[in-house]
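# Architecture and fold: a report
Here is how the chains run, residue by residue.
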Amino acid sequence: MALKTLTQWLGHVLGVLPALYLVALSAFGGLGANPIETLTHQTGRWALTALLLSLAVTPAVRWLRFDRKWHVKYLMPWRKILGLYAFFYAVLHFLIYLIFDLSFDFHFLWADVKDRPYIAVGFIALCLLLPLVATSNKKAQRALGKRWIALHRLVYLIDALVLVHFFWLIRADYSSFWWYAGAYLFLMMFRLKVVTTLFSRPL
């Protein structure tokens, strides 16, 4: 099996493991007193984690000074895979809320979007992910050209919106939020021109 194919399979295996873990917890009664709340929170956290990991691919390449061939052939697919699994867990997060909290009633959904800001922010983030997933293939990349890069920079905004959504959901302990927010700010720092120039210089 080619190394590229192997790394992609590894990405998919790692991507699906959290879902399998939650299924196992559900089967053996390990979701606690409020299983729906646990599933909602865990799928949301995994969506945010995958988004942040997708942002980490490019800085990792620059910092570790990988050869461009390795970057394009073996590491870039990870950014795509992580982005797709972020969408997967975001959709699961939304469906759990829609099915179990709202009983699939879109009137209640619209009311929540209008009246509860944290729902609105999360819903906007999910909607913004849709065009990124739809254009994640090479055909769309060729068709859009430079506009593809501009479109996929929406992920920076999406991450920020998800963090705001997460912040508003917290009732007491903010420690995990600050870890996620710190990781986001750290990764965004690597997008600054002065930092990318520093890390692009030869040793």
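Structure: see above.
Here's a quick rundown of the structure.

Calculation rules
Residues numbered from 1 in each chain as written. Predicted model: local features only at pLDDT ≥ 70, side-chain atom pairs only at ≥ 80, totals over all residues. Heavy atoms only, no water. Helix = DSSP H or I, 4+ residues; strand = E, 2+ residues; numbered from the N terminus. Buried < 20%, exposed > 50% of the residue type's maximum accessible area, 1.4 Å probe, protein only. Contact = heavy atoms within 4.5 Å. Areas by Shrake-Rupley, 256 points an atom, 1.4 Å probe, with all protein chains shown as cover. Patch = residues over 30% accessible without salt bridge, like charges linked within 9 Å, V, L, I, M, F, W, Y side chains within 5 Å. Salt bridge = Lys/Arg side-chain N within 4 Å of Asp/Glu carboxyl O. Phe/Tyr/Trp six-rings, centres within 6.5 Å; stacked < 30°, edge-to-face > 60°. Axes fitted to C-alpha atoms, helices over the stretch in contact; angles between N-to-C directions. Parallel < 35°, antiparallel > 145°, perpendicular 65-115°, else oblique. Left-handed = near helix turned anticlockwise from the far one by under 90°. Nonpolar A, V, L, I, M, F, W, Y, C, P; charged D, E, K, R; others polar. Core = buried A, V, L, I, M, F, W, Y, C linked by side-chain atoms within 4.5 Å. Polar contact = N/O pair within 3.5 Å; in protein donor to acceptor, adjacent residues only side chain to side chain.

A word on the overall build of the protein. Within the protein, the secondary structure is distributed over ten helices and zero strands. When the helices and strands of the protein are read in sequence order from the N terminus, they spell out α-α-α-α-α-α-α-α-α-α. Here the protein holds 203 residues, and the buried ones make up 37% of them. For the protein, contacts bridging at least 24 residues in sequence account for 70% of all contacts bridging at least 6. For the protein, the accessible area works out to roughly 12,800 Å², and carbon and sulfur atoms hold 70% of it.

So, on to the environment of Trp63. Tracing the backbone shows Trp63 in helix 2 (residues 35–64). Taking the relative accessible area as the measure of exposure, Trp63 reaches 56% and is therefore exposed. Considered as a pair, Trp63 and Phe190 are 127 residues apart in the sequence and their alpha carbons are 9.5 Å apart.

So, about a nonpolar patch on the surface. Among the surface-exposed residues, Leu10, Val13, Leu14, Val16, Leu17 and Leu20 lie close enough to one another that they form a single nonpolar patch of about 490 Å² accessible area. Structurally, Val16 is set in helix 1 (residues 3–27). Accessibility expressed as a relative area gives 30% for Val16, which makes it partly exposed.

Turning our eyes to something else, we now look at the environment of Leu92. Within the secondary structure, Leu92 is located in helix 3 (residues 68–101). Residues Leu92 and Gly44 lie 48 residues apart in sequence; the distance between their C-alpha atoms is 8.3 Å.

For the rest of this paragraph, the subject is the packing of aromatic side chains. Summed over all chains, the structure comprises ten aromatic pairs. Ring pairing ties together the aromatic residues Phe166, Phe167, Tyr174, Phe177, Trp178 and Tyr180, which thus form one cluster.

Residue Ser103 is not a glycine yet carries a positive backbone phi of 50 degrees. Within the element layout of this structure, Ser103 appears in the loop between helix 3 and helix 4 (106–115). Assessed through its relative accessible area of 59%, Ser103 is described here as exposed. With phi around 60 degrees, Phe104 is a residue other than glycine that occupies positive phi space. Judged by its relative accessible area of 45%, Phe104 is partly exposed.

Packed helices, taken two at a time, are described by the angle their axes make and the gap between the axes. It is at 10 Å that the axes of helix 8 (residues 154–169) and helix 9 (residues 175–189) come closest, and there the two elements cross at 165 degrees. The angle between helix 8 and helix 9 falls in the class roughly antiparallel. At the point where helix 8 passes helix 9, the crossing takes the left-handed sense. Residue-level contacts link Tyr156, Asp159, Ala160, Leu163, Phe166 and Phe167 of helix 8 to Ser176, Phe177, Tyr180, Ala181, Tyr184 and Met188 of helix 9. A per-class count over the contact of helix 8 with helix 9 returns ten nonpolar, one polar and one charged.

Proximity of charged atoms lets side chains of opposite charge pair with each other. Counting across every chain of the model gives one salt bridge. Note that Asp112 is salt-bridged to Arg116, the shortest N-O span being 3.2 Å. According to the relative accessible area criterion, Arg116 is partly exposed, its value standing at 34%.

Our next topic: the nonpolar core. For soluble globular proteins, nonpolar side chains are generally found buried alongside one another. Counting residues in each nonpolar core, the largest one holds 39 residues, and the members touching the most others are Leu48, Leu51, Leu109 and Ile158. Breaking this core down by element, the ones donating at least two residues are helix 2, helix 3, helix 4, helix 5 (117–134), helix 8 and helix 9. Per-element accounting of this core gives the leading share, nine residues, to helix 3. In this structure, Ile158 is in contact with Leu51, Ala125, Leu128, Leu129 and Leu132, ignoring residues within four places of it in sequence.

A few words now on the side chain of Thr135. Structurally, the position occupied by Thr135 is in the loop between helix 5 and helix 6 (138–144). A polar contact of 2.7 Å, which involves the side chain of Thr135, links it to the backbone oxygen of Pro131. The contact partners of Thr135, leaving out residues within four places of it in the chain, are Ala140, Leu144, Trp148, Leu151 and His152.

It is worth stressing that arrangement in space is one thing and function is another; only the former is reported here.
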